[in-house]
Amino acid sequence: MLNISQLESSLWEAADQLRANSKLNANEYSMPVLGLIFLRHATNRFNAVKTEIEKSLPSRGGKKRPITKDDFKGKSAIFLPEEAQYDRILNLAENADIGKAINAAMKAIEDETEMLQGVLPKEYTSFEQDLLYNLVRIFDREELRKATGDVFGRIYEYFLNKFAMSGAQEGGEFFTPPSLVRTIVNLIEPDRGNVLDPACGSAGMFVQTGHFLENRGEDAAAKITFYGQEKSDTNTRLARMNLAVHALEGIIRQGNTFYDRWEELLGECDFVMSNPPFNVDGVSPEKVKTDPRLFTEKKIPGIAAKTKAVSNANYLWIQYFYSYLNERGRAGFVMASSASDAGHGEKEIREELIATQAVDMIVSIGTNFFYTKSLPCTLWFFDKGKPAERQDKVLMIDARNIYRVVTRKIRDFSEEQLQNITAIAWLYRGQQERYLGLVQDYLNKTHQEAATIEGALIQLESPLTKLTQLLQNFSDRLGASLPLLKELPEVEGLVAEDIANENVETFRASLSELEAGIKELAEARQDLIGELQVHLAWFAENNLTPLPPFPTREGGKDNYSPPLVGEGLGERSINEAQKDCATRFIQFIPQLKTLQKHINEVHKLGTRAVELAEKKLDARKQETWDAKEIKKQRDALDTARDTAISAIKSTLYVKAQVSWLQTRFPEAALVDVPGLCKVVTQDGITQQDSSLTPGRYVGVTALDGEDEDDFKERMREIHLELASLNEEAVELAASIAANFEELTIIG
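Looking now at the overall build of the protein. When you go through the protein residue by residue, the secondary structure sums to 26 helices and 13 strands. Sorting the 747 residues of the protein into buried and exposed places 50% on the buried side. Per element, the accessible surface of the protein, about 35100 Å² overall, is 49% carbon and sulfur.

Our focus in this paragraph is the confidence of the model for the protein. The predicted model of the protein averages 85 in pLDDT, with 81% of residues at 70 or higher. The model gives residues 163-174 a pLDDT under 50, and that stretch makes 28 contacts with residues more than four places away or in other chains. The low-confidence segment residues 559-571, where pLDDT is below 50, has 23 contacts with residues more than four positions distant or belonging to other chains.

Of all seven residues making up strand β4 (residues 224-230), six are buried, and the element is well covered by its neighbours. For strand β3 (residues 193-197) and β4, the ladder comprises five bridges, and the chain directions are parallel. Paired with Gly 193 across the strands is Ile 224, a residue of β4. Looking at chain direction, β4 and strand β5 (residues 250-254) are connected through five bridges and run parallel. Counted as the bridge partner of Gly 228 is Ile 252 from β5. Handedness of the crossover joining β4 and β5 through helix α12 (residues 233-245) is recorded here as right-handed.

Attention now goes to a negative patch on the surface. A surface patch of negative charge is lined by Glu 520, Glu 523, Asp 527 and Glu 531. Looking at the secondary structure, you find Glu 523 in helix α20 (residues 496-542).

We now examine the packing of aromatic side chains. Taken as a whole and assessed by the stated rule, the structure comprises 22 aromatic pairs. These aromatic residues form a ring-pair network of at least three members: Phe 258, Phe 295, Tyr 315, Trp 317, Tyr 320, Phe 321, Tyr 322, Phe 333, Trp 380 and Phe 382. Positioned over the ring face of Tyr 428 is Arg 390, at 4.8 Å from the centre of the ring. The aromatic ring of Tyr 403 is capped on one face by Arg 411, whose charged end is 3.9 Å from the ring centroid.

Helix α22 (residues 588-616) packs onto helix α21 (residues 574-586) with a crossing angle of 40° between their chain directions and a minimal axis gap of 5 Å. Taken as axis vectors, α21 and α22 run oblique relative to one another. The residues of α22 that touch α21, namely those facing Arg 584, Phe 585 and Ile 586, are Phe 588, Ile 589, Pro 590 and Leu 592.

All chains considered together, the criterion is met by 34 salt bridges. Note that Arg 525 and Glu 461 form a salt bridge whose closest N and O atoms lie 2.2 Å from each other. Placement of Arg 525 in helix α20 and of Glu 461 in helix α18 (residues 453-476) is noted, with a sequence separation of 64 residues between them. In this structure Glu 461 comes out as partly exposed when scored by relative accessible area, which is 37%. Through salt bridges with shared partners, one network takes in Glu 189, Arg 330, Asp 360, Asp 383, Arg 390, Arg 429 and Arg 434.

The nine strands are arranged β5-β4-β3-β6-β7-β9-β8-β10-β13 in an open sheet whose pairing can be described as mixed. Looking at which strands have only one partner, the edges of the open sheet turn out to be β5 and β13 (677-681). Each strand of the sheet is rotated relative to its neighbour by a mean of 15°, with strand direction disregarded. Taken together, the four bridges between strand β8 (residues 359-365) and strand β10 (residues 393-398) define a ladder with parallel strand orientation. Note on β10: the bridge partner recorded for Ile 362 is Met 396. Against the sheet, helix α10 (residues 204-215) engages β3, β4, β5 and β6 (269-274), with an angle of about 160° to β4.

A few words now on the environment of Ile 421. In this fold, Ile 421 is placed in helix α16 (residues 415-428). Residues Ile 421 and Ile 402 lie 19 residues apart in sequence; the distance between their C-alpha atoms is 9.1 Å. In this view, Ile 421 contacts Ile 397, Ala 399, Ile 402 and Phe 413; residues no more than four positions away in its chain are not counted.

On to the environment of Ile 318. Here Ile 318 shows up in helix α14 (residues 314-324). As a C-alpha pair, Ile 318 and Met 335 span 17 residues in sequence and 8.7 Å in three-dimensional space. Every residue in contact with Ile 318, bar those within four places of it in the chain, is listed here: Phe 333, Met 335, Leu 353, Trp 380 and Phe 382.

In this section: unusual backbone geometry. Positive phi values are uncommon outside glycine, yet Glu 189 reaches one of about 50°. For Glu 189, the location among the structural elements is in the loop between α9 (178-188) and β3.

With that settled, consider the side chain of Ser 690. Within the fold, Ser 690 resides in the loop between α24 (682-687) and α25 (695-698). Within the structure, the side chain of Ser 690 is placed 3.5 Å from the side chain of Glu 351, a separation counted as a polar contact. Those residues in contact with Ser 690 that lie beyond four places of it in its chain are Ser 340, Arg 350, Glu 351, Ile 354 and Ile 685.

With that out of the way, let us pick up the nonpolar core. With 66 residues, the main nonpolar core has Phe 206 and Tyr 435 as its most contacted residues. Not counting residues up to four positions away in its chain, the partners in contact with Tyr 435 are Ala 423, Trp 426, Leu 427, Leu 661, Gln 662, Phe 665 and Ala 668. If you look at the next biggest cluster of nonpolar residues, it comprises 47 residues, including Val 33, Tyr 86, Ile 89 and Ala 108.

The next subject is the packing of α21 against helix α23 (residues 627-664). For the pair α21 and α23, interaxial distance at closest approach is 11 Å and the crossing angle is 135°. Taken together, the axes of α21 and α23 are oblique relative to one another. Remark: the crossing between α21 and α23 carries left-handed chirality. Each of Gln 578, Lys 579, Ala 582, Phe 585 and Ile 586 in α21 lies in contact with α23, whose residues at this interface are Thr 651, Lys 655, Val 658 and Gln 662. Residues that form the contact of α21 with α23 fall into these classes: four nonpolar, three polar and two charged.

Moving on, we come to α12. Here α12 contains 13 residues, and its C-alpha end-to-end distance of 19 Å stays within 8% of the 18 Å for a straight helix at 1.5 Å per residue. In terms of residue burial, α12 counts as a mostly covered element, since ten of its 13 residues are buried. Among the residues of α12, Asn 235, Thr 236, Arg 237, Leu 238, Ala 239, Met 241, Asn 242, Leu 243, Ala 244 and Val 245 are the ones counted as buried. In the segment just after α12, Ala 247 is the residue with positive phi, at about 60°.

Right, let's get into the pairing of β8. Most of β8 is tucked away: seven of the seven residues are buried. Taken together, the six bridges between β8 and strand β9 (residues 377-383) define a ladder with antiparallel strand orientation. Along β9, the bridge assignment pairs Val 359 with Phe 382.

Looking at the secondary structure, you find His 447 in helix α17 (residues 432-451). Residue His 447 is classed as buried on the basis of its relative accessible area of 4%. Of note is the side chain of His 447, whose polar atom sits 2.7 Å from the backbone oxygen of Leu 443. Sequence-distant contacts of His 447, that is, excluding residues within four places in its chain, are made with His 535, Leu 536, Phe 539, Cys 581 and Phe 585.

Moving on to the environment of Gly 343. Examined against the element boundaries, Gly 343 turns out to sit in the loop between β7 (325-336) and α15 (345-355). Overall, the relative accessible area of 32% leaves Gly 343 in the partly exposed class. Residues Gly 343 and Pro 301 lie 42 residues apart in sequence; the distance between their C-alpha atoms is 9.4 Å.

Quick notes on the rules
- Residues numbered from 1 in each chain as written.
- Predicted model: local features only at pLDDT ≥ 70, side-chain atom pairs only at ≥ 80, totals over all residues.
- Heavy atoms only, no water.
- Helix = DSSP H or I, 4+ residues; strand = E, 2+ residues; numbered from the N terminus.
- Buried < 20%, exposed > 50% of the residue type's maximum accessible area, 1.4 Å probe, protein only.
- Areas by Shrake-Rupley, 256 points an atom, 1.4 Å probe, with all protein chains shown as cover.
- pLDDT = per-residue confidence, 0-100.
- Contact = heavy atoms within 4.5 Å.
- Pairing = 2+ DSSP bridges.
- Right-handed = clockwise from strand over helix to strand, strands pointing away.
- Patch = residues over 30% accessible without salt bridge, like charges linked within 9 Å, V, L, I, M, F, W, Y side chains within 5 Å.
- Salt bridge = Lys/Arg side-chain N within 4 Å of Asp/Glu carboxyl O.
- Lys, Arg positive; Asp, Glu negative; His and termini not counted.
- Charge placed at Lys NZ, Arg CZ, Asp CG, Glu CD.
- Phe/Tyr/Trp six-rings, centres within 6.5 Å; stacked < 30°, edge-to-face > 60°.
- Lys NZ or Arg CZ within 6 Å of the ring centre and 35° of its normal.
- Axes fitted to C-alpha atoms, helices over the stretch in contact; angles between N-to-C directions.
- Parallel < 35°, antiparallel > 145°, perpendicular 65-115°, else oblique.
- Polar contact = N/O pair within 3.5 Å; in protein donor to acceptor, adjacent residues only side chain to side chain.
- Core = buried A, V, L, I, M, F, W, Y, C linked by side-chain atoms within 4.5 Å.
- Left-handed = near helix turned anticlockwise from the far one by under 90°.
- Nonpolar A, V, L, I, M, F, W, Y, C, P; charged D, E, K, R; others polar.
- Expected span 1.5 Å × (residues − 1).

Structure, rendered in structure tokens:
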């Protein structure tokens, strides 16, 4: 994942350059900068795909033919002529007109890509040469050269919010975090037909759909037609650019979705995905009162007495999403948390929606998922094609306590957290084999990671042995060095010789502690590895039969596979075999944690012994101190320690995912889990005043006991928050000082 701090730093630097060296306003300079980011990202994709293509090109006489545009068809990247590649612009001669070169690059891309004709910015000659050279270098930093995924829209969102907040952002219009996009895509599984996003922003929903199908070995361009609508010209252009750089095709049109409905798509979409602007309050009721998309009897949730406009457009959007779906369509969208139990007219519309039985799942998301906003949100899911057994049911998931801390201001889902939430939906849909497949995948990864531990521990031996020997040699020859050590000032009545002897004793004591620590590490390793190898051999012999591919949703229907049984398991189900395997592994968890402590302790003792020698015994000035070799072995020990700790942590982390699922769903079937999920009926919803807030149904759960790793993670969160608050305090102090200075000057 792209480091957010590095991303922010790059953008701030770029913006500072623009503000200091141009007279352009925010709207004028935003697209040129985004154009450079587009070109950087397009070049990344081009180079990655080019490498793949080159591997498969036929060779004649030891030479491969040149790559052509046709080679890039269906490869998730656009073909870039040489003059349009970022590296060529980066390496232009100093006297070259870089503005003309970038304009030519954008024109060349438009000529090669029909969807981008007239879309890319071509105003670079209005920038000063030095400014453009600096911008090109800024967006060639390592973190952007290696950037993958839908960072394009995220960069755009950050840029607009920081430098054009007043003019480029309205109400709740902000970039959808990748974690939320992936959750929506994973739960509705858009795999065919018409896919609509009537508030498509940077087209992140479409891009993630492309990744979803690509991961299944399918071609999105061959199976899906994307339709997107955006109010602003800038966002419309951005969406087209984002689709193009991922080699996706779609129809992106500019229009205000409140007033510009897509007539031919009404009732025709297989999937609708969106993150609409929240709480819009300026929609004209006269213009929308006859809109056929407003299918409920209430239609308009309410009209503000003061403005005579629609008081809140959230339930306009919700009705739009429902109306665009065909008779078996699915929808997933982000909505303000307040919409789940809003009253008055919104409640009336919600009651009619619930009565359709299309409301399928509701997922509560915690705070700080949005990049520039801390508000929580809710994900809504419709399914008009629900089977009869689920017609009267809604799955409530409260995921507010599921998150990974990125920074104090940003949270997301880890890959495993995302999969675990998706697994709950699988069980709700009766797709037990997919759940079991995920558990099996976790078990396989647990044992794969565990198999690397022995090798990682072996790597510790050499630097530990060599470093200890170097330190021991130095200790053995300290007697001849005492005259040098005695050249110390007297402290609190102690003569120099006393101080020197005390320091030597401290050093030798630390060396003894190191040797004892190494011995304890060896014993812990011996206790673990033998038993672990036996278990790994058992796992290899008794591993379950690989599960078949997950079911599809052909014709809008879920195709379920029958319950599966592992080969040779007799009457035991795969779930029982998996639980048995997980139980067998539990014995190693405390041993692995103990081993981890010993590794860290030995590393700390080795580091301390070296530092004592250098600081207390002035070792660097003595011939018996091999500084170069000691540094070499310390570096090797650092690397070996990191490798070993990583292997242990990875093993424990993946195993924790198995435990998370099996403790909550012990029979591999969906059950109500306090604080997490509950299946509710329409009657149950009616009894809760038609609320669709998961927290009202799932209740709370007692907190699990906090182990050392949990404590460390919590302390890390506190540390991040404190560091961020300190930064804000410094900025605030500087701002206050500047304001006082201005007041002094004015006075």
